[in-house]
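The lines below spell out each chain.
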Amino acid sequence: QFIKPIDGKDIKTTIRENVQKVLYDSLAMNRAGCGVVLDIENGDILAMASTPSFDANKFKTDDGEEYISSLLDDVAKPFMNKTIEGLYPPGSTFKIVVALAALESGALSPKETVYCPGFWEYGKHKYHCWEKHGHGIVDLYGALKHSCDTYFYQLALRIGIDAIKNMALKLGLNQKYMDDVLAHEMVGVVPDRRWKEKNIGAPWVHGDTVISGIGQGFILTNCLQLAVMMARVVSNREIKPRIIYSKEKPSFAPLGLQEKNIRHVLTGLEQVTQKGG
């Protein structure tokens, strides 16, 4: 018996085809990766790409089974939407969180300097900077420009993991946004003492705070969360992303960060794009 199919309801997404193509093509050159482009005015996801991808039209071709099998065997996981399913250490992007947490707490003056010889010795451990020759004397702007690990190790320890976690949550990490639209969204990890005791069964130590300062250790985020983080930093508003198109412009609550502190961080980030950054 033939049952005539019923058309589903059309859904218009926020994705812009031209932006999506540029993002996908740039990611595809590196085999595996992901990226998200957000409109900070309304939270629209203009592009959301995960590579490698696949062509679903090939599933019903003569060699469809062979094609599907090759995808399943691919270590780069083409069936995984890495933008929301992939959890990765945020690395140096997390230094933005630490910098804002320190500025907001009043524990940091942007002009205050730290000497980086290429490492920092604390206790019995030697924490290395990515630049083994060191960055010399750096203030906040220089530390962001050169992504100096030594600076952020010390800054993280000064303000503590609780201040860092609170800022990370304020900036949108450790949260789900697409749960009602896309499956398998992962929430990630922004750890603290209680998290480590519960999940690792060990007490939090100073070294955990130190490496959290450069976005490593237990911290895990997804690509969409990092896009939200940047949108919130730039706008100082509680941006929430959306992928279903709506003419209505949402009103996002203010984050309440001090504008001067946002300017300090954005000045350092701008210098990343300058010579030597």
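Only a predicted model underlies this, so the values are computations on that prediction, with no experimental measurement involved.

## Quick look at the overall build of the protein chain
Phase 1: Of the regular secondary structure elements, the protein chain holds 10 helices and six strands.
Phase 2: Each of the three principal axes of the protein chain carries a C-alpha extent, and together these read 75 × 45 × 45 Å.
Phase 3: Across the 277 residues in the protein chain, those meeting the buried criterion constitute 44%.
Phase 4: Sequence-distant contacts in the protein chain: of pairs separated by 6 or more residues, those separated by 24 or more amount to 68%.
Phase 5: As presented, the protein chain carries roughly 15500 Å² of accessible surface, and 53% of it is formed by carbon and sulfur atoms.

## Quick look at the pairing of strand β1 (residues 33-38)
Phase 1: One ladder, built from six bridges, connects β1 with strand β2 (residues 45-51); its direction is antiparallel. Paired with Val-36 across the bridge in β2 is Met-48.
Phase 2: With antiparallel pairing between neighbouring strands as the criterion, β1 and β2 make up a hairpin whose turn holds six residues, including Gly-43 at a positive phi of roughly 80°.

## A closer look at the packing of helix α4 (residues 95-105) against helix α9 (residues 223-235)
Phase 1: The geometry of α4 relative to α9 is characterised by a closest axis approach of 11 Å and an angle of 35° between their N-to-C directions. When the axes of α4 and α9 are compared, the crossing they make is left-handed. On α9, the residues touching Ile-96, Val-97 and Leu-100 of α4 are Met-229, Met-230 and Val-233.
Phase 2: Tallied by class, the residues present in the contact of α4 with α9 amount to six nonpolar, no polar and no charged.

## Section: the nonpolar core
Phase 1: Of all hydrophobic cores here, the largest spans 43 residues; its most connected members are Val-97, Leu-100, Tyr-151, Phe-152 and Leu-171.
Phase 2: Elements supplying a minimum of two residues to this core: α4, β3 (114-116), α5 (140-146), α6 (149-170), α9 and α10 (259-272).
Phase 3: Of all the elements, α6 adds the most residues to this core, at 10 residues.
Phase 4: Look past the residues within four positions of Leu-171 in its chain and what remains in contact with it is Val-97, Leu-100, Val-228, Met-229, Arg-232, Val-233, Leu-255 and Leu-257.
Phase 5: Among the nonpolar cores identified, the runner-up in size contains 15 residues, and Ile-45, Tyr-177, Val-228 and Ile-243 belong to it.

## Some remarks on the environment of Trp-204
Phase 1: Secondary-structure assignment places Trp-204 in the loop between α7 (193-199) and α8 (206-212).
Phase 2: Each C-alpha atom, one on Trp-204 and one on His-264, is 31 Å from the other, the two residues being 60 residues apart in sequence.
Phase 3: Residues contacting Trp-204, with those up to four places away along its chain left out, are Ile-161, Pro-191, Asp-192, Arg-193, Lys-196, Thr-209, Ser-212 and Phe-218.
Phase 4: Within the structure, the side chain of Trp-204 is placed 2.8 Å from the side chain of Thr-209, a separation counted as a polar contact.

## Some details on α4
Phase 1: Most of α4 sits inside the fold, with nine of its 11 residues counted as buried.
Phase 2: Buried residues along α4 sit against α5, α6, α8, α9 and α10.
Phase 3: One or two residues past the end of α4 sits Gly-106, with phi positive at roughly 80°.

The rules we used
- Residues numbered from 1 in each chain as written.
- Predicted model: local features only at pLDDT ≥ 70, side-chain atom pairs only at ≥ 80, totals over all residues.
- Heavy atoms only, no water.
- Helix = DSSP H or I, 4+ residues; strand = E, 2+ residues; numbered from the N terminus.
- Buried < 20%, exposed > 50% of the residue type's maximum accessible area, 1.4 Å probe, protein only.
- Contact = heavy atoms within 4.5 Å.
- Areas by Shrake-Rupley, 256 points an atom, 1.4 Å probe, with all protein chains shown as cover.
- Pairing = 2+ DSSP bridges.
- Axes fitted to C-alpha atoms, helices over the stretch in contact; angles between N-to-C directions.
- Left-handed = near helix turned anticlockwise from the far one by under 90°.
- Nonpolar A, V, L, I, M, F, W, Y, C, P; charged D, E, K, R; others polar.
- Core = buried A, V, L, I, M, F, W, Y, C linked by side-chain atoms within 4.5 Å.
- Polar contact = N/O pair within 3.5 Å; in protein donor to acceptor, adjacent residues only side chain to side chain.

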